Amino acid sequence: PKHFLLHLIPFALIFILYAPFMFQSGEEKLIDAYTRESGVPIWLWKVSPLLLWLLSFQLIAYPLVILRKVNRALGAERIGDDDGSTQLNWIKLFSYLFLIYGTMMLLYTILTAIGIDGNAKDYPISLVMCIAIYCISYLSILNPELLKGKQVLEKMPTIKYAKSRLSDAYLDSVASDFVRLVDEHALHLDGNLKIDQVAKLISIPKHHISQSLNLKMKKSFNEYLNERRVLHAQQLLDTMSQEHNIKTIMYMSGFNNRASFNNNFKKVLGMTASEYVKSKAEAPQA
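Report follows, based on the coordinates.

**Some remarks on the packing of aromatic side chains**
Tallying each qualifying case throughout the model produces eight aromatic pairs. With centroids separated by 6.5 Å and ring planes inclined at 5°, the aromatic side chains of Tyr 134 and Tyr 138 adopt a geometry described as stacked. Of this pair, Tyr 134 and Tyr 138 both sit in helix H5 (residues 119–142), separated by four residues, roughly a single helical turn. With relative accessibility at 46%, the residue Tyr 138 sits in the partly exposed group. Ring pairing ties together the aromatic residues Phe 255, Phe 261, Phe 265 and Tyr 276, which thus form one cluster.

In structure tokens:
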């Protein structure tokens, strides 16, 4: 997203401000911690509480936003996907753990601001934060896709279109018209095909096409085309003579570069084109 870097501003600000302290020796850090008489500017200590408030609210805001989106997705009538629902529930638990961590940080900030210090405050709060981080780490090991966000991103179209007023019948019709057009004119073999071009051919708004594919076929425009291209390439590899190399077949199937070809081939068939050719060669002849 174009505003993604804005989310890094608090981190960048804190890092820049605390860099003089972080790169000190251990002895200098101890002096700062007890006397604040080393080379770190005094204004840094004055803005530290403000940064702590900012960080605390950010740690709470993000999981709350994620929980809101996940709950909307789980409540959408069209989700109809047990695997997707399970993944979203894992994300929900993941977000609650982050929320606990952020809440403890905010509690620490509040107690510090009103002058409550000492082990009676630090140890219990630190214990809860450590347990939350331990659970987050453990969940990440059990389900690595949580951090990659792959399946969650696949559910975002459901969230986006949850309140759509387009009827199911209309969406079915759009999807059918799109598939028929691709079949009749082999549009997937055009490596430069854009959704705008298809929208003009069937006189349907491009966002209606995108929505119908996402909701009815669980694929984006490009995902559908690339899947068709891979299946076409597989057919060519099965039927054409070996004098046609993989690169030639790649272009004949509508792909413009080898990386995209291999990535999509592996996504659809579980192996790269080279591995597919090798497996065919090693297979026993009937």
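**Overview of the nonpolar core**
Among the nonpolar cores identified, the biggest contains 16 residues, and Phe 178, Val 198, Ile 209, Phe 221 and Leu 225 are the most heavily contacted of them. Sorting the residues of this core by element identifies helix H8 (168–185), helix H9 (195–202), helix H10 (206–216) and helix H11 (221–239) as the ones contributing at least two each. Not counting the four nearest positions on each side in its chain, Leu 225 is found in contact with Phe 178, Val 182, His 188 and Leu 193.

**Digging into the environment of Leu 13**
Position of Leu 13 among the secondary structure elements: in helix H1 (residues 9–22). When its relative accessible area of 38% is taken as the criterion, Leu 13 is described as partly exposed. It is 8.7 Å that separates the C-alpha atoms of Leu 13 and Leu 51, two residues lying 38 residues apart in sequence.

**A word on the packing of H8 against H10**
Remark: H8 packs on H10, axes separated minimally by 9 Å, with the N-to-C direction vectors making an angle of 100°. When the axes of H8 and H10 are compared, the pair comes out roughly perpendicular. For the pair H8 and H10, the contacting residues are Asp 168, Tyr 170, Leu 171, Asp 172, Val 174, Ala 175 and Phe 178 in the first and His 208, Ile 209, Gln 211, Ser 212, Leu 213, Leu 215 and Lys 216 in the second. Looking at the contact of H8 with H10, its residues break down into eight nonpolar, three polar and three charged.

**Describing the pattern of salt bridges**
All told, the structure shown has seven salt bridges when counted by the stated rule. Salt-bridge contacts for Lys 216 lead to Asp 172; the nearest nitrogen and oxygen are separated by 3.7 Å. Of this pair, Lys 216 sits in helix H10 while Asp 172 sits in helix H8, placing them 44 residues apart in sequence. Two residues, Lys 267 and Glu 223, come together in a salt bridge whose shortest N-O distance is 3.5 Å. Taken as a pair, Lys 267 in helix H13 (residues 258–269) and Glu 223 in helix H11 lie far apart in primary sequence, 44 residues in all. A relative accessible area of 56% means that Lys 267 is categorised as exposed. Residue classification places Glu 223 among the partly exposed positions, given a relative accessible area of 31%. One network of salt bridges, with partners in common, ties together Asp 168, Asp 172 and Lys 216.

Reading the values: rules and limits
- Residues numbered from 1 in each chain as written.
- Predicted model: local features only at pLDDT ≥ 70, side-chain atom pairs only at ≥ 80, totals over all residues.
- Heavy atoms only, no water.
- Phe/Tyr/Trp six-rings, centres within 6.5 Å; stacked < 30°, edge-to-face > 60°.
- Helix = DSSP H or I, 4+ residues; strand = E, 2+ residues; numbered from the N terminus.
- Buried < 20%, exposed > 50% of the residue type's maximum accessible area, 1.4 Å probe, protein only.
- Core = buried A, V, L, I, M, F, W, Y, C linked by side-chain atoms within 4.5 Å.
- Contact = heavy atoms within 4.5 Å.
- Axes fitted to C-alpha atoms, helices over the stretch in contact; angles between N-to-C directions.
- Parallel < 35°, antiparallel > 145°, perpendicular 65-115°, else oblique.
- Nonpolar A, V, L, I, M, F, W, Y, C, P; charged D, E, K, R; others polar.
- Salt bridge = Lys/Arg side-chain N within 4 Å of Asp/Glu carboxyl O.

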